[in-house]
Amino acid sequence: MTTDIADSSPTDRLAERPGAAVQLVGLHRSFGKVRALDGLSLDVAAGEFVALLGPSGCGKTTALRALAGLDELDSGRILVGGQDITRLSSNRRGMGMVFQAYSLFPTMTARDNVAYGLRLRGVGTRTRRRRAEELLELVGLASHAVHYPHQLSGGQQQRVALARALAVQPEVLLLDEPLSALDAKVRAQLRDEIRRIQLDVGITTLFVTHDQEEALAVADRVGVLHAGRLEQIARPGDLYDRPRTAFVAEFVGLSNPLRGRARSGELGLLGTRLPLLPGSAFEGPVRAFVRPESVTVDPVPDQDQGHGAPIGRVLSVSFLGSLCRVRIQLPDQDPVLAQIPKAEAARLSPGSPVRVTIRPVPVFAEPA
Amino acid sequence: MAAVNTSVPDGRTRPPRPSARSRRARPSPVSALRWAVLIVIGGYLLLPLLAMAEFSTRGTATGRSLDAWREIGSNADLLGAITMSLELSALTVVATLILLVPTMTWVHLRVPRMRRLVEFACLLPLTIPAIVLVVGIGPIYLWVNYLLGDSPLTLTFVYVILVLPYAHRAIDGGLGSADIVTLAEAARSLGASWPRVLVNIVLPNIRGAVISASIISVALVLGEFTVASLLNFDTLQVVINLLGKRDAAVSVAVSAAALLFAFVLLYALAQVASRRPGTVAADATEEGPTP
Ligand SMILES: Nc1ncnc2c1ncn2[C@@H]1O[C@H](COP(=O)(O)OP(=O)(O)OP(=O)(O)O)[C@@H](O)[C@H]1O
Ligand SMILES: [Mg+2]
């Protein structure tokens, strides 16, 4: 085994143990009166990258810590590779974990940090040194092997933490907001790098974040957590285009909650008929969630007023580069946000009358 | 990396602060006060030492003599007591650390709600006067002496209790200063058993606290008189006291020597404590250009 390691790349070595499937079944955990996990169930396929997204306090960390064995559960079962590990202690679970707080061992160099898991497994000094250096190379820190944590920047520390978690060739990698202490640029860079490494290594990964851009950008599937349960899990595009609950529709991306009326599976809204998504309310008055980019805005000449689609007034226009967001006050509705190209927005100014229409894409609606 | 590179030239080119310049012109009231405090406290501490030196070197008729100091080396009782007190302090340190470090680490990591209780238990000895303590444990020591012999080393048990409040404070500070909980969890998830976590992760990170707990324990044991005397054990302080009744000069010489010795010992321990891994390498690497 040792002979062919020498000339293989770090990732070839790591790929020897592909990820395992993870199943969370009905996890419950209460802290006093707070129900941190309230029947959370989740299936993650082997080698899949799943992001867990949710507002602060929804139980993301609790779920991850339960999976790592760092916290106990009131009830529920955890299966990895089909085996029930619910009662296994954390040091026998063989999961790699990267924490939100910097967690490198301060008295060890970067290389010793990475090698620590191997040291625990009785790997010889030379082998584990070489492995540690391979992993540091994988995360782009080969030149920092003998630096101590306090000599590394926050981003570098989290890279070393990632290398340390991967060094023991875990079947599952757990990341609890590993990027939240970093600045925006380093965040984006490191998140793409995590994805690259994950694809190389093929490890099953659970990535907890409350930053939806982060979740949507890197994950195979995104699970939205709310009050200790899984609201919906879907591919990023589906989650955005086809939300299954009002919470997901509002939480992921921007949405305009608009009042309309549903009749036999169709929604009448501002003069347009829209298809309704599965799970929506199909009859009666509803609140529909419409994306800003589905709202079209046309300036109206003064003499034209009074025909067709309702007339609104522009409240404000804000520039976002190539796109603009326009806030519009409609009769009988809350202010609506529209996202339109910059060229179109140039014709609008606060107070100008506009005709608002909705593109006929499927929307989610809840009973009003 | 970038942060390091840019901050260094920044620091160098910054003009000297106005306050630094004015301080050179005339001493500020703050530094005058600082010196005054230093001199007063220094005098307060040094004067008795000088007096001890003077008294213990008084000759019989004319001039100075070191007879009293020579006596230290030739008095068998005294040498025995010195060895005994050193052995006692070593034993006390070891026993205290073995008792406290794993317990406090466990409480810190696993049952944080017990912290107050442990703290309370450890602080109790402070509130009990030595005489009460001795009256209380007298009967127990009858048994201890019956079972373990009547060596003064059995004093270790009382001394561990006397040292508890101070050692607890020191170690508690150490556990609180680093994020031991997260570090331990990281080690656990990498596969470390609890003993491994204690030895590989917790101990290196609270090294300074453990050493200061040891320093305090050594100092306390070397200077303890009441309990040893009341329980009739011949420790250093007890023998010094006895000597004082026979030959005051020798007694004072021993006291001065004990003080000096304790000072040197504590200084050495403090030196060990301040040598942290990584600091040397830090200075070396930050000098060089970072790629
Ligand atoms: N050890 C604990 N003791 C008491 N309550 C806790 C504990 N851990 C978590 N909670 C509570 O459980 C709920 C879920 O916490 P959790 O840390 O899982 O949230 P989160 O989704 O990770 O939030 P964030 O995005 O802010 O990290 C919160 O209401 C929190 O207050
Ligand atoms: Mg959290």
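Values in this document were obtained by computation on a predicted structure and should not be read as measured data.

Definitions and cut-offs
Residues numbered from 1 in each chain as written. Chains lettered and ligands numbered in written order. Predicted model: local features only at pLDDT ≥ 70, side-chain atom pairs only at ≥ 80, totals over all residues. Heavy atoms only, no water. Helix = DSSP H or I, 4+ residues; strand = E, 2+ residues; numbered from the N terminus. Buried < 20%, exposed > 50% of the residue type's maximum accessible area, 1.4 Å probe, protein only. Contact = heavy atoms within 4.5 Å. Lys, Arg positive; Asp, Glu negative; His and termini not counted. Charge placed at Lys NZ, Arg CZ, Asp CG, Glu CD. Axes fitted to C-alpha atoms, helices over the stretch in contact; angles between N-to-C directions. Nonpolar A, V, L, I, M, F, W, Y, C, P; charged D, E, K, R; others polar. UniProt positions renumbered as here; feature names shortened; annotations may be inferred. Phe/Tyr/Trp six-rings, centres within 6.5 Å; stacked < 30°, edge-to-face > 60°. Lys NZ or Arg CZ within 6 Å of the ring centre and 35° of its normal. Expected span 1.5 Å × (residues − 1). Bend = angle between axes of the 7 residues up to and from the residue. Pairing = 2+ DSSP bridges. Buried area = accessible area lost by both parts, 1.4 Å probe. Salt bridge = Lys/Arg side-chain N within 4 Å of Asp/Glu carboxyl O. Near = heavy atom within 4 Å. Polar contact = N/O pair within 3.5 Å; in protein donor to acceptor, adjacent residues only side chain to side chain. Areas by Shrake-Rupley, 256 points an atom, 1.4 Å probe, with all protein chains shown as cover. Core = buried A, V, L, I, M, F, W, Y, C linked by side-chain atoms within 4.5 Å. pLDDT = per-residue confidence, 0-100. Domains from an automatic or database assignment.

With that settled, the discussion passes to the overall build of chain A. On a plain count of helices and strands, chain A comes out with 11 helices and 20 strands. Its C-alpha atoms put chain A at 85 × 45 × 40 Å along the principal axes. Burial status across chain A gives 51% buried among its 368 residues. The long-range fraction of contacts in chain A, counting pairs at least 24 apart against all pairs at least 6 apart in sequence, stands at 68%. In chain A, the 44 positive side-chain charges and the 40 negative ones have mean positions that sit 3 Å from each other.

Another point: the packing of helix α7 (residues 130-148) of chain B against helix α8 (residues 156-177) of chain B. Residues and elements named next belong to chain B. The contact between α7 and α8 brings their axes to 10 Å, and the two run at 145°. Where α7 approaches α8, its residues Leu133, Ile137, Tyr141, Val144 and Leu148 are matched on the opposing element by Phe157, Val158 and Leu162. Grouping the amino acids of the contact of α7 with α8 by side-chain chemistry returns 8 nonpolar, no polar and no charged.

With that settled, the discussion passes to the UniProt feature "domain: ABC transporter" (unreviewed entry) in chain A. The residues that UniProt annotates with the feature "domain: ABC transporter" (unreviewed entry) are residues 22-252 of chain A. Across residues 22-252 of chain A, helical content stands at 37% and strand content at 26%; the span's end C-alpha atoms are separated by 25 Å.

All names here are of chain A. Counted under the stated rule, the structure contains 7 aromatic pairs over all chains. An angle of 75° between the planes, with centres 5.2 Å apart, marks the rings of phenylalanine 105 and tyrosine 116 as edge-to-face. Here phenylalanine 105 is found in the loop between β6 (95-98) and α4 (110-120), whereas its partner tyrosine 116 is found in helix α4, with 11 residues between them in sequence. You'll find phenylalanine 105 and tyrosine 116 in the same group, each marked buried. The positively charged end of arginine 164 is found above the aromatic ring belonging to phenylalanine 105, 4.5 Å away from the centroid. Over the ring of tyrosine 240 we find arginine 291; its NZ or CZ atom is 3.9 Å from the centre of that ring.

For α8(B), with 22 residues, the first-to-last C-alpha span of 30 Å sits near the 32 Å given by 1.5 Å per residue. Within α8(B), the axis deviates most sharply at B:Leu164, by approximately 50°, and proline B:Pro165 lies no more than four positions further along.

Right, let's talk about the sheet that holds strand β11 (residues 256-263) of chain A for a bit. All names here are of chain A. One open sheet holds the 5 strands; their spatial order is β13-β12-β11-β14-β20, and the pairing between them is antiparallel. For this open sheet the edge positions go to β13 (272-275) and β20 (364-367), each flanked by a neighbour on one side alone. When strand polarity is set aside, the average angle formed by the axes of neighbouring strands in this sheet is 40°. As defined by bridge partners, β11 adjoins strand β14 (residues 284-290) across 7 bridges and the pair is classed as antiparallel. Within β14, the position partnered with arginine 259 by the bridge is arginine 287.

Counting from both sides, the interface comprises 25 residues of chain B and, opposite them, 31 residues of chain A. Taken together, both faces of the contact between chain B and chain A bury some 2,500 Å²; the carbon and sulfur share is 58%. When residues of chain B are sorted by the area they lose upon contact with chain A, B:Glu185, B:Ser189 and B:Leu190 head the list and together hold 26% of the total. Counting every contact that joins chain B to chain A gives 1 salt bridge.

Let us now look at the site of ligand 1. Residues and elements named next belong to chain A. Ligand 1 sits among Phe31, Val34, Ala36, Ser56, Gly57, Cys58, Gly59, Lys60, Thr61, Thr62, Glu177 and His210. Interatomic distance of 2.8 Å between a backbone N/O atom of glycine 57 and an oxygen atom of ligand 1. Taking threonine 62, its side chain carries an N or O atom lying 2.5 Å from an oxygen atom of ligand 1. In isolation ligand 1 exposes 640 Å². Once the protein is present, 61% of that is buried. Of all the elements in the fold, those that place two or more residues in the shell around ligand 1 are β2 (34-44) and α3 (60-68). Of all the elements, α3 adds the most residues to the shell around ligand 1, at 3 residues. Residue composition of the shell around ligand 1, grouped by class: 4 nonpolar, 6 polar and 2 charged.

In this section: the UniProt feature "transmembrane region" (unreviewed entry) in chain B. Residues and elements named next belong to chain B. Feature annotation in UniProt assigns "transmembrane region" (unreviewed entry) to the following positions: residues 32-53, 88-109, 121-144, 150-167, 206-228 and 248-269. Structurally, residues 88-109 comprises 100% helix and 0% strand, and the distance from its first C-alpha atom to its last is 31 Å. Counted over residues 150-167, helix gives 67% and strand 0%. Its end C-alpha atoms are 27 Å apart.

A few words now on the UniProt feature "domain: ABC transmembrane type-1" (unreviewed entry) in chain B. In this numbering, the UniProt entry assigns the feature "domain: ABC transmembrane type-1" (unreviewed entry) to residues 82-271 of chain B. Between the C-alpha atoms that bound residues 82-271 of chain B there is a distance of 24 Å. The span itself is 85% helix and 0% strand.

Residues and elements named next belong to chain B. Along its 28 residues, helix α3 (residues 29-56) runs 40 Å from first to last C-alpha, staying within 8% of the 40 Å computed at 1.5 Å per residue. Of all the bends in α3, the largest measures some 30° and sits at leucine 46, one to four residues before the proline proline 48. Considered for burial, the residues of α3 that qualify are Ser31, Met52 and Ser56.

This part takes up the nonpolar core. Soluble globular proteins: nonpolar side chains tend toward being buried together. By size, the foremost hydrophobic cluster in this structure holds 67 residues, and its most contacted members are A:Phe105, A:Tyr116, A:Leu174, A:Leu206, B:Ile171 and B:Ile206. In contact with B:Ile171, other than residues within four places in its own chain, are B:Leu97, B:Leu100, B:Val101, B:Met104, B:Ile206, B:Ala209 and B:Ala213. A:Leu136, A:Ala145, A:Ala163 and A:Val252 belong to the second-largest nonpolar core, a separate cluster that totals 43 residues.

Another point: the confidence of the model for chain A. On average, residues of chain A score 88 in pLDDT, and 93% of them are at 70 or above. With pLDDT under 50 throughout, residues 1-15 of chain A is counted as low confidence; its partners more than four residues away or in other chains account for 20 contacts.

Domain assignment breaks chain A into domain 1 (10-241) and domain 2 (254-367). In this structure, domain 1 of chain A and domain 2 of chain A have C-alpha centres spaced 41 Å apart.

Residue and element names in this part refer to chain B. What the domain assignment reports for chain B is domain 1 (31-65) and domain 2 (75-276). One C-alpha centre belongs to domain 1, the other to domain 2, and the line joining them spans 30 Å. Each side of the interface is counted separately: domain 1 has 4 residues, and domain 2 has 7 residues. Contact between domain 1 and domain 2 buries roughly 450 Å² in total, counting both sides, with carbon and sulfur atoms accounting for 91%. When the area that domain 1 buries against domain 2 is broken down by residue, the three leading residues are Met52, Phe55 and Ser56, summing to 87%. Remark: the boundary between domain 1 and domain 2 carries 0 salt bridges. For the interface between domain 1 and domain 2, the tally reads 0 residue pairs in polar contact (both at pLDDT 80 or more). Of the residues that constitute the side of domain 1 that touches domain 2, the class distribution is 3 nonpolar, 1 polar and no charged.

This brings us to the pairing of strand β1 (residues 22-31) of chain A. Residues and elements named next belong to chain A. Strand direction decides the pairing type here: β1 and strand β4 (residues 75-80), joined by 5 bridges, are antiparallel. Bridge pairing links valine 22 to valine 80 in β4. Note: β1 against β2, 8 bridges, orientation antiparallel. Opposite glutamine 23, over in β2, you have aspartate 43 as the bridge partner. The turn joining β1 and β2, which pair antiparallel and follow one another in sequence, is formed by 2 residues; a positive phi near 60° is taken by glycine 32.

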